[in-house]
Amino acid sequence: NAGVTQTPKFRVLKTGQSMTLLCAQDMNHEYMYWYRQDPGMGLRLIHYSVGEGTTAKGEVPDGYNVSRLKKQNFLLGLESAAPSQTSVYFCASSYSLNTEAFFGQGTRLTVV
Amino acid sequence: KQEVTQIPAALSVPEGENLVLNCSFTDSAIYNLQWFRQDPGKGLTSLLLIQSSQREQTSGRLNASLDKSSGRSTLYIAASQPGDSATYLCAVSFRSFGNEKLTFGTGTRLTIIP
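Undergrad: How should the pairing of strand β7 (residues 64-67) of chain A be read in this particular structure?
TA: Within a regular strand, the side chains alternate between the two sheet faces. Residues and elements named next belong to chain A. Side chains Y64 and V66 of β7 all project onto a buried face; the interleaved residues N65 and S67 project onto a face where none is buried. The pairing of β7 with strand β8 (residues 73-78) spans 4 bridges and is classified as antiparallel. Counterpart to N65 in the pairing with β8 is G77. Count of turn residues in the β7/β8 antiparallel hairpin: 5 residues.

Dropping the structure here:
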């Protein structure tokens, strides 16, 4: 039972480069989330999805795009990376708003 | 604005002591509150989930309580052990249309001194 899996675990990007972070869950969850975690800021929501084919903006969506073409996958894209996007990114999923949320192990991204 | 606050930011206690971690939130209209544990460099592990209709949940040495009317939750850890050292985060699912997310506190970093 893999739970929530994030790929990659680490990445270094140069300013202006693009990349996609992949989140996969095998629990048939409807809700999926992308958070970023920065020292002293806690976890802040970037984008989320309440079902296949849906996405919505969170607190800090600028500079990111997402897609949920398949129920089990939630992709986070950075079109033109900036040093301010250096952070640890976490994906999470839950069956509903009333149920437990499960988190991936995180992706540590550094933009130089 | 719907916010979650955890005070203190850091706490150190000797091994064997019982301790309480605090979480407060600004809106009593919630679906649930969840406590997580995060070890350095790792992801979040769910510890306890309390539904809005519940007053407490227990798992082993952990007991979480919820008082919606006062906007408070506590996580009680009995007979603390060095392995309990971690950052503990609480997160609230607020009942708000178009706000389908967990709102996190900034966490309490707990150190158990052997």
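Undergrad: Honestly, the nonpolar core in this entry has me stumped. Any pointers?
TA: Grouped burial of nonpolar side chains is what soluble globular proteins tend to show. All names here are of chain B. Counting 23 residues, the largest nonpolar core has F25, L33, W35 and L75 as the members making the most contacts within it. Those elements giving two or more residues to this core turn out to be β3 (19-25), β4 (30-38), β5 (44-51), β7 (62-67), β8 (72-77), β9 (86-94) and β11 (108-113). Per-element tally for this core: the top contributor is β9, with 5 residues. Apart from residues no more than four positions distant in its own chain, F25 is found in contact with E3, V4, I30, L33, L66, D67, K68, G71, R72, S73, V92 and F94.

Undergrad: Is there a simple way to explain the sheet that holds strand β1 (residues 4-7) of chain A in this structure?
TA: Residue and element names in this part refer to chain A. With antiparallel pairing, the 4 strands of this open sheet are ordered in space as β1-β3-β8-β7. Each edge of the open sheet carries a strand with a single partner, namely β1 and β7. Ignoring which end each strand starts from, the neighbouring axes of this sheet average 20° apart. As paired strands, β1 and strand β3 (residues 19-25) are joined by 4 bridges and run antiparallel to one another. In the strand pairing of β3, T7 is matched with L22.

Undergrad: Can you walk me through the pairing of β11(B) in this structure?
TA: Residues and elements named next belong to chain B. Because side chains alternate across β11, one face comprises the buried residues T108, L110 and I112, and the other comprises R109, T111 and I113, none of which is buried. In the sheet, strand β2 (residues 10-14) pairs with β11 via 5 bridges, with the strands oriented parallel. Across the sheet, residue P14 finds its bridge partner in β11, namely I113. Pairing between β9 and β11: 3 bridges, direction antiparallel. When the bridges of β11 are listed, A86 appears paired with L110.

Undergrad: How should the pattern of salt bridges be read in this particular structure?
TA: Pairing between side chains becomes possible if they bear opposite charge and their charged atoms approach one another. Residue and element names in this part refer to chain A. Enumeration over the complete set of coordinates arrives at 5 salt bridges over all chains. Of the charged contacts, one joins E30 and K71 as a salt bridge, the two residues approaching to 2.8 Å between their closest N and O atoms. Note that E30 is positioned in the loop between β3 and β4 (31-38) and K71 in the loop between β7 and β8, a separation of 41 residues in sequence. Judged by relative accessible area, E30 falls into the partly exposed class, the value being 26%.

Undergrad: Would you explain the environment of D27(B) in this entry?
TA: All names here are of chain B. Looking at where D27 falls in the secondary structure, it is placed in the loop between β3 and β4. When neighbours within four sequence positions are excluded, D27 is seen to be in contact with Q2 and F94. Side-chain polar atoms of D27 contact the side chain of Q2, separated by 3.2 Å. A distance of 2.9 Å separates a polar side-chain atom of D27 from the backbone nitrogen of A29.

Undergrad: How should unusual backbone geometry be read in this particular structure?
TA: It is generally the case that most residues other than glycine have a negative phi and that most peptide bonds are trans. Residue P8(A) is bonded to the preceding T7(A) through a cis peptide linkage, with omega at -5°. Position of P8(A) among the secondary structure elements: in the loop between β1 and β2 (10-13). One non-glycine residue, N28(A), adopts positive backbone phi at about 60°. Of note, N28(A) is situated in the loop between β3 and β4. Using a relative accessible area of 47% as the deciding quantity, one classes N28(A) as partly exposed. In this model, A79(B) sits at a positive phi of 45°, which is unusual for a non-glycine residue. Judged by relative accessible area, which is 36%, A79(B) ranks as partly exposed.

Undergrad: I'm lost on the interface of chain A and chain B in this one. Help?
TA: Interfaces are often sized by the accessible area lost when the parts come together. Every contact between the two is made by 22 residues of chain A and, on the other side, 21 residues of chain B. Counting the surface lost from both chain A and chain B, the interface buries some 1700 Å², and carbon and sulfur atoms represent 56% of this. Of all residues in chain A, the largest losses of buried area upon contact with chain B belong to L97(A), N98(A) and F103(A), amounting jointly to 32% of the total for that side. Our count for the contact surface shared by chain A and chain B stands at 0 salt bridges. Inspection of the region where chain A meets chain B yields 7 residue pairs in polar contact (both at pLDDT 80 or more). Every element with two or more residues in the side of chain A that touches chain B is listed here: β4 and β5 (42-49) of chain A. Partitioning the side of chain A that touches chain B into residue classes produces 12 nonpolar, 7 polar and 3 charged.

Thresholds, definitions, all that
- Residues numbered from 1 in each chain as written.
- Chains lettered and ligands numbered in written order.
- Predicted model: local features only at pLDDT ≥ 70, side-chain atom pairs only at ≥ 80, totals over all residues.
- Heavy atoms only, no water.
- Buried < 20%, exposed > 50% of the residue type's maximum accessible area, 1.4 Å probe, protein only.
- Helix = DSSP H or I, 4+ residues; strand = E, 2+ residues; numbered from the N terminus.
- Pairing = 2+ DSSP bridges.
- Core = buried A, V, L, I, M, F, W, Y, C linked by side-chain atoms within 4.5 Å.
- Contact = heavy atoms within 4.5 Å.
- Axes fitted to C-alpha atoms, helices over the stretch in contact; angles between N-to-C directions.
- Salt bridge = Lys/Arg side-chain N within 4 Å of Asp/Glu carboxyl O.
- Polar contact = N/O pair within 3.5 Å; in protein donor to acceptor, adjacent residues only side chain to side chain.
- Buried area = accessible area lost by both parts, 1.4 Å probe.
- Nonpolar A, V, L, I, M, F, W, Y, C, P; charged D, E, K, R; others polar.

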